[in-house]
Amino acid sequence: MSAPLRVALLSLSVCLSLAAPLAQAGGAGAPGPAAEGCRPGFVRPNFAALSRELAQARARWAAQGLSAYSYEVRQVAAPVLLPATRVTVRDGAVVALNLVPGEAGQPSPLARLTVEGRFDSLAQTLRYQATLPCPEVRIRYDPALGLPVYLYSGRGDKGIADGFGEWTVSRFTPLP
């Protein structure tokens, strides 16, 4: 897939994710007055709800007892689209990183995470974003397994779009 097509598909993915219900994103409800410096219509995420959702998802994941699995991760660290990577985990440790066919470059440091590492990264992101005046955070988890499958982390200020981060986990496969 060409780089322009990947960027276009990613942009579509971001637009679709913005349409997700606020409750799923930890939103506090309908847009109210924007905080000083935030864009009009900005809604501060409900960090208590996001933290509860994280704890519940982590418990669902732990209940699976999986220590061998693989998954694909796609990541954007605006303005950079990083190469999609297949991550293989055995005995709770990353044992292989392989670029998805058609990708070029090096796996990002975030590709080197187990699912448990992704949970730790999410908790760190929530702590950091809670300190910002105009935080934007959207997280989705696999409803059955609990593993995190999507993160968007950015700012709802009046600035430019650079600086947001996003990753998507797909093709999760338990291994024997």
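See above for the structure.
Residues numbered from 1 in each chain as written. Predicted model: local features only at pLDDT ≥ 70, side-chain atom pairs only at ≥ 80, totals over all residues. Heavy atoms only, no water.

Peer 1: Explanation requested: the packing of aromatic side chains in the structure shown.
Peer 2: If you walk through the whole model with that rule in mind, you get 6 aromatic pairs. Look at Trp 61 and Tyr 69: their rings are 5.3 Å apart centre to centre, the planes differ by 90°, and that puts the pair in the edge-to-face class. For the pair Trp 61 and Tyr 69, a shared accessibility class is recorded, and that class is buried. Relative to Tyr 141, the ring of Phe 119 has its centre 6.4 Å away and its plane inclined at 15°; by these criteria the two rings are stacked. With Phe 119 in helix H3 (residues 115–129) and Tyr 141 in strand S5 (residues 135–141), this residue pair connects regions lying 22 residues apart in the sequence. For Tyr 141, a relative accessible area of 14% translates into the label buried. It is Arg 118 that lies over the ring of Trp 167; its NZ or CZ is 4.5 Å from the centre. Here the guanidinium or amino end of Arg 140 rests over the ring plane of Tyr 150, the centre of that ring lying 4.1 Å away. (Phe/Tyr/Trp six-rings, centres within 6.5 Å; stacked < 30°, edge-to-face > 60°. Buried < 20%, exposed > 50% of the residue type's maximum accessible area, 1.4 Å probe, protein only. Helix = DSSP H or I, 4+ residues; strand = E, 2+ residues; numbered from the N terminus. Lys NZ or Arg CZ within 6 Å of the ring centre and 35° of its normal.)

Distances and angles like these do not, on their own, reveal function.
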